[in-house]
Amino acid sequence: MSELPRWHPSAAPAGVAGRACAETATAPAARAFAAVPTQAAAPAGIGPSRQVPTAPTAPSPPAESPPAAAAEEFERPSSARVYDYLLGGAAHGAVDRELGDRLKRSQPGVVELARENRAFLRRAVRFLLAAGIEQFLDLGSGVPTMGNVHEVIARSRSGARVAYTDVDSIAALHGQHLLAALPTATYTAVDVEDVETVLSSPGVAGLLDLRRPVGLLAFSVLQHVRDDAAGLVGDYLARLAPGSALALSHFTGDDPRTGPTIEAEVVAYPRAAPRARSHAEVTTLVAGVDLVDPGIAWADEWRPEPGRPAGVAEARGHWAAVGFRR
């Protein structure tokens, strides 16, 4: 249970027997949250501590064609590359650092916000791995470094797969280069608002089996969907198998110490300015899933690591939640 810092009936230990016991327990909170769907029984002789992935072995997916990056894209800041800069990565240019530095000056807590969001990604992915999810579709992935999904999977020593996607062709070029030797991960340059194109692209359809549960990941990306983000999430979930999960974080102005200043700055991005959403609006995004405890919470308060009390962040900018498809 070290992967799931705070106990809850949904945080079932690996193995059918352990999950069955956990799912029959009563949650301590008054609000009811979802239990992790029961997974298939492990093969004889394999106990909870030796659970192994059950996904069928598939041939390596067809290689994605390198995305075409126009010269002017290198001259405009990209949310994916600015985020990489704030996290301390190296996949960014001078124009991205310039905007990142402006954000740091106008809102000193922006680096902490980025790190808290990435820490939530790690905890959410570990939780879903422990719940039996063995394949992930990551929407709006950014540059796949600095503790991203495939690195969390590698530390879990599982055979899980991840299909990264992003509309940013430069981030996709970085991703394809970084993942070229990794058969369990792909990166596709595609607009995540085009559900059919995403799911039928070689990097997704050739790697993931959509007949089996998928972890749909949307970390700090739905703010770039100006209209009907809830409908977009619903379209994805409708195409995924029962037992699939959703993990998301979303930029918000609900904390008066952060949102308005950052939102004013990010209008410099070449594509549509991000849209901050309130707690009530984020609630509509997760209407199609049964949330696990603690429901919608600040990113730093979603099952924090042992030794780090919830609520220690000086400022908050992302709502976060994890749930399973109904």
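The coordinates are above.
This text gives an overview of the structure that appears in the document.

So, how was this worked out
- One numbering rule holds for all chains: residues counted from 1, following each sequence as written.
- Local features are withheld for residues below a pLDDT of 70 in this predicted model, meaning they are given only at 70 or higher, and side-chain atom pairs are given and counted only at 80 or more; totals for whole chains, interfaces and linings count all residues.
- Only hydrogens and water are set aside; all other atoms, that is, all heavy atoms of the structure, feed into the side-chain values.
- Runs of E in the DSSP output that reach at least two residues are strands. Runs of H or I that reach at least four are helices, and both are numbered from the N terminus.
- For every residue, the accessible area (1.4 Å probe, protein chains only) is compared with the maximum for its type, and the residue is labelled buried under 20%, exposed over 50%, or partly exposed between those bounds.
- Between two residues, a contact is recorded if the distance between any of their heavy atoms is within 4.5 Å.
- Each accessible area is a Shrake-Rupley result for a 1.4 Å probe, and residues are judged covered by the shown protein chains and nothing else.
- Two strands qualify as a pair provided that DSSP identifies no fewer than 2 bridges between them.
- Clockwise travel from the first strand over the helix to the second, with the strands pointing away from the viewer, marks a crossover as right-handed.
- Only one rule defines a salt bridge in this text: a Lys or Arg side-chain nitrogen within 4 Å of an Asp or Glu carboxyl oxygen.

Quick look at the overall build of the protein
Okay, so step 1: Each helix and strand in the protein was counted, giving eleven helices and eight strands.
Okay, so step 2: Looking at the protein as a whole, 51% of its 326 residues qualify as buried.
Okay, so step 3: Expressed as a percentage of contacts within the protein between residues at least 6 apart in sequence, the contacts between residues at least 24 apart total 73%.
Okay, so step 4: Taken as a whole, the protein presents about 13,800 Å² of accessible surface, with 55% of it coming from carbon and sulfur.

Concerning the pairing of strand E1 (residues 135-138)
Okay, so step 1: With burial as the criterion, each face of E1 is covered, one bearing Gln135 and Leu137 and the other bearing Phe136 and Asp138.
Okay, so step 2: Sheet topology places E1 next to strand E2 (residues 161-166); four bridges connect them, and they run parallel. Across the sheet, the residue bridging to phenylalanine 136 is valine 162, located in E2.
Okay, so step 3: The parallel pair E1 and E2, bridged by helix H5 (residues 149-156), forms a crossover whose chirality is right-handed.

A closer look at the pattern of salt bridges
Okay, so step 1: All told, the structure shown has eleven salt bridges when counted by the stated rule.
Okay, so step 2: Salt-bridge contacts for arginine 81 lead to aspartate 168; the nearest nitrogen and oxygen are separated by 3.4 Å. Placement of the pair is arginine 81 in helix H2 (residues 79-87) and aspartate 168 in the loop between E2 and helix H6 (169-178), with a sequence separation of 87 residues.
Okay, so step 3: Here arginine 316 and glutamate 301 are joined by a salt bridge, their closest N and O atoms 3.3 Å apart. In this pair, arginine 316 is assigned in the loop between strand E7 (297-298) and strand E8 (318-325) and glutamate 301 in the loop between E7 and E8, connecting sequence segments 15 residues apart.
Okay, so step 4: Overall, arginine 316 belongs to the buried group, its relative accessible area being 11%.
Okay, so step 5: A relative accessible area of 24% means that glutamate 301 is categorised as partly exposed.
Okay, so step 6: Because the salt bridges share partners, they merge into one network encompassing Arg81, Asp96 and Asp168.

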